[in-house]
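# What the coordinates show
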Amino acid sequence: MATASHPAARGILSDDRNDQREQVIEMLTKAYWMEIETVMSYIANSTNPDGILAQQVVASLQADIQEELTHAQQFATRIKELYGTVPGSLQFSAEQDYLQPPADHTDIVHVIRGVIEAESGAIDFYNRIIEATEESDPVTNDMVIAILADEEGHLRLFEGFLREYEAQGLA
Ligand SMILES: [Fe+2]
């Protein structure tokens, strides 16, 4: 890839930005896998829970699945635009131990805490991408800022859920 001749004279697509582009692709690839794993975790954790108390969390997670899937597609598209290759499934390795389904299907607090940890991790990493692309890649920068806004929204919603459970002595 580094040997390909790119016609862009300026910006992240230009030949003299090969190294920077590789760095951005590496970060986008990690972000892509984070989104894919989140989709898997949210499908499981929006399907398994039992009980009335779980229903609002279930509904929120079901809606978030579509957003996270869209994020994954956005990261994939940007990898391609930067002359990268979207990885195949064999390169996936799971990290979200905190979002494994609880043994007790009514343990919705476990799910809420897991979602908060996943969203916090995404927020932390996306802030790093934003910092890294501030000067070099305004398109990636802009895209990740918009995705970050979604993740911050999810985090705040689930922090609110947790607060309510704590107030009721359930967490
Ligand atoms: Fe996301």
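The preceding data block contains the structure.
Residues numbered from 1 in each chain as written. Predicted model: local features only at pLDDT ≥ 70, side-chain atom pairs only at ≥ 80, totals over all residues. Heavy atoms only, no water.

By the secondary structure assignment, Ser 136 is in the loop between helix 3 (108–133) and helix 4 (138–167). Relative accessible area serves as the criterion here: at 7%, Ser 136 is assigned to the buried category. Here Ala 132 takes part through its backbone oxygen, which lies 3.4 Å from a polar atom of the side chain of Ser 136. Beyond its immediate sequence surroundings of up to four residues, Ser 136 is in contact with Ile 12, Arg 17 and Gln 20. (Helix = DSSP H or I, 4+ residues; strand = E, 2+ residues; numbered from the N terminus. Buried < 20%, exposed > 50% of the residue type's maximum accessible area, 1.4 Å probe, protein only. Polar contact = N/O pair within 3.5 Å; in protein donor to acceptor, adjacent residues only side chain to side chain. Contact = heavy atoms within 4.5 Å.)

Applying the stated criterion to the full structure yields three salt bridges. With its nearest N and O atoms 2.8 Å apart, the salt bridge here joins Asp 137 to Arg 78. Highlighted residues: Asp 137 in the loop between helix 3 and helix 4 and Arg 78 in helix 2 (residues 55–81), separated in sequence by 59 residues. Pair check on accessibility: Asp 137 and Arg 78 agree, each one buried. Glu 159 serves as the salt-bridge partner of Arg 156, at 2.6 Å between the closest nitrogen and oxygen. (Salt bridge = Lys/Arg side-chain N within 4 Å of Asp/Glu carboxyl O.)

Right, let's get into the packing of aromatic side chains. According to the stated counting rule, one finds five aromatic pairs in the structure shown. On the numbers, 5.1 Å between centres and 55 degrees between planes, the contact of Tyr 32 with Trp 33 is tilted. We note that Tyr 32, like Trp 33, is buried. A centroid spacing of 6.4 Å and a plane angle of 55 degrees characterise the contact between Phe 125 and Tyr 126, whose relative ring orientation is tilted. Pair check on accessibility: Phe 125 and Tyr 126 agree, each one buried. Connected via pairs of aromatic rings, a cluster forms that spans Tyr 32, Trp 33 and Phe 92. (Phe/Tyr/Trp six-rings, centres within 6.5 Å; stacked < 30°, edge-to-face > 60°.)

So, about the nonpolar core. Core analysis: the largest hydrophobic core is formed by 44 residues, its most contacted members being Val 57, Phe 75, Ile 112, Tyr 126 and Phe 158. Counting only elements with at least two residues in this core, the list comes to helix 1 (18–47), helix 2, helix 3 and helix 4. Per element, the largest residue contribution to this core is 13 residues, and it comes from helix 3. Residues within four places of Phe 75 in sequence aside, it is in contact with Leu 28, Ala 31, Tyr 32, Glu 35, Tyr 126, Met 143, Val 144 and Ile 147. (Core = buried A, V, L, I, M, F, W, Y, C linked by side-chain atoms within 4.5 Å.)

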